[in-house]
Amino acid sequence: MATVEVQLDPEKLQEFVFRAVDEVGATLNAALVVMGDLLGLYRALADAGPVTPGELAGRTDTAERYVREWLNAQAAGGYVEYDADSGRYSLPPEQTVALTDESSPAYLPGFFQLAIGSVLDSPRITEAARSGEGIGWHDHVEHVHEGCERFFRPGYNAHLLTEWLPALDGVVEKLEHGGSVADVGCGHGASTVLMAQAFPASRFHGFDYYDDALEIARERAREAGVAGSVEFATAPAASYSGDDYDLVTMFDCLHDMGDPVGAARHVRSTLAPDGSWMIVEPRAGDRVEENLNPVGRAYYGFSTLLCTPSSLSQEVGLALGAQAGEARIREVVLGAGFSSFRRVAETPFNMVFEARP
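Residue numbers restart at each chain and count upward from 1, following the sequence in its written direction. In keeping with the model being predicted, local features are shown solely for residues with a pLDDT of at least 70 and side-chain atom pairs are shown and tallied solely at 80 or more, while totals for entire chains, interfaces and linings include all residues. Remark: hydrogens and water are excluded; side-chain values derive from all non-hydrogen atoms of the structure.

Q: Hey, could you run me through the overall build of the chain in this one?
A: The numbering of helices and of strands both runs from the N terminus, where a helix is a DSSP run of H or I of at least 4 residues and a strand a run of E of at least 2. Helix and strand content of the chain: 14 helices and nine strands. Our radius of gyration is a C-alpha quantity, and the globule rule it is checked against amounts to 2.2 Å times the number of residues to the power 0.38. Computed over C-alpha atoms, the radius of gyration of the chain comes to 23 Å, within 12% of the 21 Å expected from 2.2 N^0.38 for 357 residues, which places it in the range of a compact globule. In the chain, which comprises 357 residues, the proportion classed as buried is 47%. Two residues form a contact once any of their heavy atoms are found within 4.5 Å. Here the analysis covers contacts within the chain between residues at least 6 apart in sequence; of these, 68% occur between residues at least 24 apart. The positive count covers Lys and Arg only, the negative count covers Asp and Glu only, and His and the chain ends enter neither. The atom standing in for a charge is NZ when the residue is Lys, CZ when it is Arg, CG when it is Asp and CD when it is Glu. Of the side chains in the chain, 26 bear a positive and 53 a negative charge, and the two mean positions are spaced by 1 Å. For each residue, the accessible area found with a 1.4 Å probe, counting protein chains only, is set against the maximum for its type, and the residue is called buried under 20%, exposed over 50%, and partly exposed in between.

This is the structure we're talking about:
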């Protein structure tokens, strides 16, 4: 066979190498962000103003030598500002919101925690990729479970009650007067509890397939004072109990399911004749080239390490992936017998759909 010579561009090679150096720094920084969050370093920086490493260590009961190195890494990445004249470090107001304000939709520590959990599990995913086997969502490290909720919860808090539910046809009115809701794939119950707090006249039923998550959800409901109107039960999406629901919700989980069409058929069978199914999915275009951007890159990464293995661990194993896009979700929904499907809302990270029987 003839050998084809490829002309190497040294400048492009060097450009790629330095880009890779930046990628390694970003990978390491994900762990440092989680470290700073867990140790309270960002919160202390926000509260204290400009500080030396020793002062920050004293405020957080940590070792100064670790804190100094952490601060320098944060300054090199633009997360923290360093004043060379005083030798002090500070957290800019924008970073303060993104790294310390859990009420803000821009809050990011959960995103980093989810990423670190995915990386920690990556050796197992690598081996699964050789065989095509799956790894269930329940079988990941705790950083995945906790980080996932902490990443999505601020967005739900910011948009669910004010934008997403009002965009559905007549749903808010039903819930205000006393409706019945199934939150399928509820995880730690962040969405279930939020809706229960907003609509005390309604009844909420959270379902997920593994018990550990539901124990946390029950505790969250007790802490929020809504345990009387919320119940959680272990059940897969294709066989949860109840019927005549006014609303069924799925938050960022339909694409993780092995048989999303089967789950959609079950949703239709449990809805009231005039009920609604709200589907919240990661934001994605229908073509690969539409997703070649920072959000798409992150979601393709999570899809490789979390979402696709989860689906492949279940029966059917359709593996829609986190970047399934509206067209494939529409195909699943209409293929299950729903008569209507429309996009009703979106954010930089999510698309929200309404399906009606």
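Q: Hey, could you run me through helix α14 (residues 326-335) in this one?
A: Each α-helix turn comprises 3.6 residues. Residues three or four places apart therefore point the same way. Every buried residue of α14 is accounted for by Glu-326, Ile-329, Val-332 and Val-333. Relative to the axis of α14, the buried residues are bounded by an arc of 125° and lie together on one face. If you follow the buried residues of α14, they end up packed against α12 (260-270), β7 (271-282), β8 (340-346) and β9 (350-356). Among the residues trailing α14, Gly-337 stands out with phi positive, at a value near 105°. By construction, the arc corresponds to the directions joining the helix axis to the C-beta atoms.

Q: I tried to follow the side chain of Ser-229 on my own but got confused; where do I start?
A: Position of Ser-229 relative to the elements: it lies in the loop between α11 (211-224) and β5 (230-234). Sequence-distant contacts of Ser-229, defined by excluding residues within four places in its chain, comprise Ala-196, Ser-202, Arg-203 and Phe-204.

Q: Is there a simple way to think about the pattern of salt bridges in this case?
A: Pairing is possible between side chains that carry opposite charge, provided their charged atoms lie close to one another. Salt bridges are counted wherever a side-chain nitrogen of Lys or Arg sits within 4 Å of a carboxyl oxygen of Asp or Glu. In this structure the tally under the stated criterion is 23 salt bridges. Residue Arg-43 is joined to Asp-47 by a salt bridge in which the shortest nitrogen-to-oxygen separation is 3.0 Å. Of this pair, Arg-43 and Asp-47 both sit in helix α2 (residues 41-48), four residues apart, roughly one helical turn. Connected through salt bridges with shared partners, the residues Arg-283, Glu-326, Arg-330, Arg-343 and Glu-346 form a single ionic network.

Q: I keep staring at unusual backbone geometry and nothing clicks. Help me out?
A: Both trends apply: most residues other than glycine have a negative phi, and most peptide bonds are in trans. The phi angle at Asp-61 is positive, at roughly 55°, despite the residue not being glycine. Mapped onto the elements, Asp-61 comes out in the loop between α3 (53-60) and α4 (64-76).

Q: I'm lost on the environment of Leu-38 in this one. Help?
A: Position of Leu-38 relative to the elements: it lies in helix α1 (residues 10-38). The exposed category is assigned to Leu-38, whose relative accessible area is 54%. A sequence separation of 122 residues divides Leu-38 from Leu-160, and the C-alpha atoms of the two residues are 27 Å apart.

Q: Help me understand a negative patch on the surface, please; the structure alone is not making it clear to me.
A: Side chains of Glu-142, Glu-146, Asp-211 and Asp-212 sit close together on the surface and give a patch of like negative charge. Those elements that provide at least two residues to the negative patch are α8 (142-164) and α11. Structurally, the position occupied by Asp-211 is in helix α11. On the basis of relative accessible area, Asp-211 is assigned to the partly exposed category, the value being 47%. Two joining distances apply to patches: 9 Å for like charges and 5 Å for nonpolar side chains (Val, Leu, Ile, Met, Phe, Trp, Tyr), and every residue must have over 30% relative accessible area and no salt bridge. The Shrake-Rupley method, run with a 1.4 Å probe sphere, supplies the accessible areas, and residue values consider only the shown protein chains as cover.

Q: Quick question: what am I supposed to make of the sheet that holds β8 here?
A: Strands pair, by our definition, only if DSSP identifies at least two bridges between them. Strand order in the open sheet made by the seven strands is β5-β4-β3-β6-β7-β9-β8, with mixed pairing throughout. Looking along the sheet, the strands with just one partner apiece sit at the ends: β5 and β8. When the angles between neighbouring strand axes are averaged without regard to direction, this sheet yields 20°. In the sheet, β7 pairs with β9 via six bridges, with the strands oriented antiparallel. Counted as the bridge partner of Pro-282 is Asn-350 from β9. The axes used here are C-alpha line fits, helices contributing only the stretch in contact, and every angle between their N-to-C directions lies in the interval 0 to 180 degrees. Docked against the sheet, α12 engages β6 (245-251) and β7, running at close to 145° with respect to β7.

Q: Just checking my understanding: could you explain the packing of aromatic side chains for this structure?
A: Two numbers describe a pair of aromatic rings. These are the distance of the centres and the angle of the planes. Stacked, edge-to-face and tilted labels apply to pairs of Phe, Tyr and Trp rings (six-membered ring for Trp) whose centres lie within 6.5 Å, assigned for plane angles under 30 degrees, over 60, and everything in between, in that order. Within the structure shown, the criterion is met by 16 aromatic pairs. Ring centres 5.2 Å apart and planes at 35° place the aromatic pair Trp-277 and Phe-338 in the tilted group. With a gap of 61 residues between them, Trp-277 in strand β7 and Phe-338 in the loop between α14 and β8 connect regions that are remote in the sequence. Among the aromatic side chains, those forming a connected cluster through ring pairs are Phe-111, Phe-151, Phe-152, Tyr-156, Trp-164, Phe-251, Phe-302 and Phe-349.

Q: So what exactly am I meant to see when it comes to the nonpolar core here?
A: As a rule of thumb, nonpolar side chains are buried together in soluble globular proteins. Residues belong to one nonpolar core when they are buried, are Ala, Val, Leu, Ile, Met, Phe, Trp, Tyr or Cys, and are joined through side-chain atoms within 4.5 Å. With 43 residues, the main nonpolar core has Leu-160, Trp-164, Leu-165, Leu-247, Phe-251 and Met-278 as its most contacted residues. Ranked by residues supplied to this core, first place goes to α8 with seven residues. Not counting chain neighbours up to four residues away, the residues in contact with Leu-165 comprise Leu-160, Val-171, Val-172, Leu-175, Met-195, Phe-199, Leu-247 and Met-278.

Q: Would you take a moment to explain the pairing of β8 for this structure?
A: In regular strands, side chains alternate between the two faces of the sheet. Pairing geometry for β8 and β9, over six bridges, is antiparallel. Following the sheet pairing, Ala-345 is matched in β9 by Val-352. Joining the antiparallel neighbours β8 and β9 is a turn of three residues.

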